[in-house]
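# Structural features, examined
As a plain string of letters, each chain reads:
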Amino acid sequence: MARPIIIDCDPGVDDCFALLTALASPEELEIKGICTVAGNVPVETCTKNALGLLTFTGRTDIPVYQGCPRPIQEAPVFASHIHGETGLGAARLPEPVVDARPEHAVAFLIDTLRSASPASITLVPTGPLTNLGLALVEAPDIAEAIAEIVIMGGAFETGGNITETAEFNMYADPHAADIVMSCGRPITLIGLDATLKFRCTVERMKMLSDARHKTTDLISEMIGHVNDIYGEIYGEDGAAMHDPCTIGYLLAPHLFEARTAHVRVETEGRRGHTAVDVHLLGDAKPNVNWVDGLDAPRLFELLLSRITRL
Ligand code: RIB
Ligand code: CA
């Protein structure tokens, strides 16, 4: 029985990699809907990219709901210097042949979770947590229907990627992230400590191009752009592919290493810093399954085998 999921994303190059992997895994994952949120690029661009990806894969049956154009309290921060103005690096997607649904993503999350059975739907945020944070404030009762929240976000021993201590998704909307961390439902948080171990190396870029497949060609053009941007920083190692680690975790959790922790997101001072307490000091209760390791070669093999199915 496929696991019902809702992906909440800011596509974004690595969000596209995650979406394609999920779309290629219908036996395991039933995508109930895709929500978009301002993050890497403005939310309208994220929505166009999600619709373009569904057009590219012929899955326009999957509904897309546009979400928040800015964080709850902070001014929006974008990463178009990394993902390009289109959010797709050097790649192009077909013009969407469908529109986003008229409902706001927050309304979709509330309506869908309110009508779902307890602990039945897995949420997969790969962008700032604004939509889910607001849905939980407006309708706290929806938490009961959440089976698990598998989030790309946070940083501990690696340090941050937008400030010295904060990862982008947590930094963009720390107030929403703080709300989600305390929702009381099972959270798996896949932070930079894990995702920086998943690089698009020269060897893996060659595997993508050698596959000679429309989807690997698309991903190559996306990631190649990010690798060029990060060239000086990451060199041969290539850029990290953060978001597909969430889908990889859902498909093959045995490829990941995790430990329970208490995680708090700072909203003042070190904005977006994830205080990851793995020693559960004081009266801290574990609220997160903190993922900080992965088997990169086998994860890449899995993702490649999936996206070439499309
Ligand atoms: O820090 C990496 C995260 O920020 C990824 O989700 C990337 O897409 C950006 O949203
Ligand atoms: Ca993202």
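Data block above holds the structure.
Presented here is a report on the structure given in the accompanying data block. (Residues numbered from 1 in each chain as written. Chains lettered and ligands numbered in written order. Predicted model: local features only at pLDDT ≥ 70, side-chain atom pairs only at ≥ 80, totals over all residues. Heavy atoms only, no water.)

### Looking at the site of ligand 1
In the vicinity of ligand 1, the contacting residues are D10, D14, D15, N40, T126, M152, N161, E167, F168, N169, H242 and D243. Note that an oxygen atom of ligand 1 is positioned 2.6 Å from one of the side-chain N or O atoms of D243. Alone, ligand 1 offers 270 Å² of accessible surface; in the complex the protein occludes 96% of this. Those elements giving two or more residues to the shell around ligand 1 turn out to be α1 (13-23) and α6 (168-172). For the shell around ligand 1, a count of residues per class yields two nonpolar, five polar and five charged. (Near = heavy atom within 4 Å. Polar contact = N/O pair within 3.5 Å; in protein donor to acceptor, adjacent residues only side chain to side chain. Areas by Shrake-Rupley, 256 points an atom, 1.4 Å probe, with all protein chains shown as cover. Helix = DSSP H or I, 4+ residues; strand = E, 2+ residues; numbered from the N terminus. Nonpolar A, V, L, I, M, F, W, Y, C, P; charged D, E, K, R; others polar.)

### Observations regarding the side chain of T188
Take T188: it is sitting in strand β6 (residues 187-190). T188 gets classed as buried once you look at its relative accessible area, which sits at 2%. Engagement of the side chain of T188 in a polar contact is seen with the side chain of N289, the distance being 3.2 Å. With residues near it in sequence (within four places) discarded, T188 still touches E148, I149, V150, I151, Y249, N289 and V291. (Buried < 20%, exposed > 50% of the residue type's maximum accessible area, 1.4 Å probe, protein only. Contact = heavy atoms within 4.5 Å.)

### Points about the pairing of strand β8 (residues 274-277)
Of the two faces of β8, the one holding T274 and V276 and the one holding A275 and D277 are both buried throughout. Bridge count between strand β7 (residues 256-265) and β8: four bridges; the pairing is antiparallel. Of the residues in β8, the one forming a bridge with H262 is D277. (Pairing = 2+ DSSP bridges.)

In short, shape yes, function no, at least from these values alone.
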